[in-house]
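The residues making up each chain are set out below.
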Protein chains: 2
Amino acid sequence: MYTLDQVKCFVAVASHLHFGRAAEELSMTQPPLSRQIQKLERFVGVTLLERDNRRVSLTPAGEAFLVNARMLLAVSDRAPRDAQRIAAGQWGRLSVGFTAASGFGILGSLVSVIEDRLPGIDLDLHEMVTGSQLENLAEGHIDLGIGRLEVPPQEIESELLLAERLMLAAPERHPLALLDRPLHRSDVTGQPLILHSATKATYFYNLIVRHFPIDHHMIKHSLSQVLTMVNLVADGHGIAFVPESTSLLKIPGVRYLAFADLTDDVVELKALWNSQSRNPALQRVLSVIRD
Amino acid sequence: MYTLDQVKCFVAVASHLHFGRAAEELSMTQPPLSRQIQKLERFVGVTLLERDNRRVSLTPAGEAFLVNARMLLAVSDRAPRDAQRIAAGQWGRLSVGFTAASGFGILGSLVSVIEDRLPGIDLDLHEMVTGSQLENLAEGHIDLGIGRLEVPPQEIESELLLAERLMLAAPERHPLALLDRPLHRSDVTGQPLILHSATKATYFYNLIVRHFPIDHHMIKHSLSQVLTMVNLVADGHGIAFVPESTSLLKIPGVRYLAFADLTDDVVELKALWNSQSRNPALQRVLSVIRD
DNA sequence: TGGAATAATGCACGAAAGGCATCGATGTAC
DNA sequence: GTACATCGATGCCTTTCGTGCATTATTCCA
């Protein structure tokens, strides 16, 4: 096999048609340059340069080789730079798993910021529930998750993206929507309730149970998708707890009500990633998220 | 700079994700393979392969490098083969200069034969008079000429392509066209004559003067292009000498007549080339022509 | 806990690359 | 026509690099 150095030598000589000046460009002396060309020609088995002791010229075979040689140099030059850029996280691909709920609020601005600040990074967006995000993170199928959970499992790191209030979605003619005083947590007692599933939407279920006196006899539906819940509210099937950002969803017949005695931002949205991840783009994206 | 051997090592390891088996494929032992990879990574400045003492995997940078690496190997493999094929004359480009007259007869079949027998060779066809062919051959602008001349100059070699009879082109109502006996050379004496130019079509001029008793008072036109001459014959301006192949040109009002006392193939068409030519395609074409 | 698997490292040898000096051939000038 | 300049090739020496063998270090698995 020949070497890229020999190719570089050949291109230099073919460009100058002069061994001495080519050697100068290559920062070497002329004798080893002659030998490198000889070696290359011996490997190729063909005379590439016609040396006339007075003038140097390319043979037809040499001209054809020159085309490929320039391509080799171009690719060999690009290859390390591509690798370096990817290692530095300037280039790359990031698979992101996000919950449908996060899509209402933060996802759009997150994508905008990344496209703006890290133009070399392509995002693959996949909607999935938090549980799937954890599985896919563990198996390396996605690099970043955007979801809700209290305590991430082993090897999954997390960072708070957003915290918001918990609100009540109620039909506009519902008694709680027509109160002439501030709404309190105890007001929900005894009302027909559309609640998150304890198994499929554990985070919300636990959060709500922790903060409200839930009468389990009043639970009419157990769901996992916020949009479905709000639609059921619109149809008058009951009231539901939703994060504040859901109120961006203007559904006719639905009013969003704040609790006077629950003003803390208790609903959290977290960025999730595998601490074993070797994707440099992830670190870049995380540092952008932190700003 | 790194070497193509290192690239080959990297691709082998990246393909097998196993140093031992990659080394086996490369017909080398494992330790130097490890070192080649280390060297490549040191040059690139980036970890390309994650070695876990138990499993080998590609980093994102390594995956990007692999794409370029495979391209490098493909080009580096093709480059010598292209050069060899061109040197062997299997591939290449041949510039051919030909006279308009040769275009009537042999050129078409010549092109067909070359396209059939040497499919890798592209022909550039340029119509030019023999004198221009000689100039362009000397300067290397064309590789092969097809023309008529008696003695080629220094450094130009030639080979007879075709020899044919010299015939007379006469208007169909011309007395010589209406003879009830065989035509003889002496019959042309005294007839208005359309003759080749002594300077622009020296070959024909010398040939005709050598074989016929030309009365210079009867020369009505001196021309260099056969087609023009035959057109003038059709218009009744006189008679003209033409090579037999011209009779393929069916011009209304023109008859082609053979001389009973000149049956030799005296008109020659030659292949011409520069003996200094380094174009391997030329040798291939010449050997095909000789068949 | 011991053995198998696997990549890294130490060491020695031979090949290759580079620099310096020189040769050989060819064109140029007086 | 002869002396000189130019320029690629060659001889020789030193340093660097690639390779194989033997061994080490680590981890997985029984």
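Here, every reference points to the structure presented above.
Just so you know, these numbers come straight off a predicted model, no measurement behind them.

Asker: Explain helix α4 (residues 60-87) of chain B here, please?
Answerer: Residues spaced three or four apart along an α-helix face the same direction, because each turn holds 3.6 residues. Along its 28 residues, α4 of chain B runs 41 Å from first to last C-alpha, staying within 8% of the 40 Å computed at 1.5 Å per residue. Immediately beyond the C-terminal end of α4 of chain B, within one or two residues, lies G89 of chain B, with a positive phi of roughly 80°.

Asker: What is the right way to read the protein's contact with DNA strand D from this model?
Answerer: Taken together, 21 residues lie around DNA strand D, and P31, S34, R35 and R54 of chain A together with K39 of chain B are the ones closest in. What you see for DNA strand D is that sugar and phosphate hold 66% of its atoms within 4 Å of the protein. At 3.3 Å, a side-chain N or O of Q38 of chain A approaches a phosphate oxygen of DNA strand D. A distance of 3.1 Å is found between a phosphate oxygen of DNA strand D and a side-chain nitrogen or oxygen belonging to Q36 of chain B. Residues of the surface near DNA strand D, tallied by class, amount to six nonpolar, nine polar and six charged.

Asker: Where do I start with the packing of aromatic side chains in this structure?
Answerer: Aromatic ring pairs: the centre-centre distance and the angle between the two ring planes describe each pair. Counting across every chain of the model gives 14 aromatic pairs over all chains. Summarising the aromatic geometry, the rings of F10 of chain A and F65 of chain A are spaced 5.3 Å apart at their centres and angled 85° between planes, so their arrangement reads as edge-to-face. One end of the pair, F10 of chain A, is in helix α1 (residues 4-16); the other, F65 of chain A, is in helix α4 (residues 60-87), and 55 residues separate them in sequence. Each ring, one from F212 of chain B and one from F241 of chain B, has its centre 4.3 Å from the other, and the planes form 40°; the classification is tilted. Here the residue F212 of chain B occupies a position in the loop between α8 (202-211) and β9 (219-223), and F241 of chain B occupies one in strand β10 (residues 239-243), the gap between them amounting to 29 residues. The pair F212 of chain B / F241 of chain B is uniform in exposure class, with both members buried. Among the aromatic residues, ring-to-ring pairing joins Y2, F10, F43 and F65 of chain A into one connected group.

Asker: When you look at the protein's contact with DNA strand C in this model, what are you seeing that I'm missing?
Answerer: Around DNA strand C there are 21 residues in total, and K39 of chain A together with P31, S34, R35 and R51 of chain B lie nearest to it. Sugar plus phosphate, as a fraction of atoms of DNA strand C within 4 Å of the protein: 66%. A distance of 3.1 Å separates a phosphate oxygen of DNA strand C from a polar atom in the backbone of T29 of chain A. With respect to DNA strand C, the side chain of H18 of chain B contributes an N or O atom lying 3.5 Å from a phosphate oxygen.

Asker: Explain the sheet that holds strand β3 (residues 92-98) of chain B here, please?
Answerer: Strand pairs in the sheet, formed through backbone hydrogen bonds, run parallel or antiparallel to each other. Residue and element names in this part refer to chain B. Pairing within the open sheet is mixed, and its five strands lie in the order β4-β3-β5-β12-β6. Only two strands of the sheet have a single partner each, and these edge strands are β4 (121-127) and β6 (156-164). Adjacent strand axes in the sheet meet at a mean angle of 20° when their direction is disregarded. In this sheet, strand β12 (residues 267-274) lies alongside strand β5 (residues 144-147) in antiparallel orientation, the contact comprising three bridges. Paired with G147 across the bridge in β12 is K270. Against the sheet, helix α6 (residues 106-117) engages β3, β4, β5, β6 and β12, with an angle of about 165° to β4.

Parameters at a glance
- Residues numbered from 1 in each chain as written.
- Chains lettered and ligands numbered in written order.
- Predicted model: local features only at pLDDT ≥ 70, side-chain atom pairs only at ≥ 80, totals over all residues.
- Heavy atoms only, no water.
- Helix = DSSP H or I, 4+ residues; strand = E, 2+ residues; numbered from the N terminus.
- Expected span 1.5 Å × (residues − 1).
- Near = heavy atom within 4 Å.
- Polar contact = N/O pair within 3.5 Å; in protein donor to acceptor, adjacent residues only side chain to side chain.
- Nonpolar A, V, L, I, M, F, W, Y, C, P; charged D, E, K, R; others polar.
- Phe/Tyr/Trp six-rings, centres within 6.5 Å; stacked < 30°, edge-to-face > 60°.
- Buried < 20%, exposed > 50% of the residue type's maximum accessible area, 1.4 Å probe, protein only.
- Pairing = 2+ DSSP bridges.
- Axes fitted to C-alpha atoms, helices over the stretch in contact; angles between N-to-C directions.
- Contact = heavy atoms within 4.5 Å.

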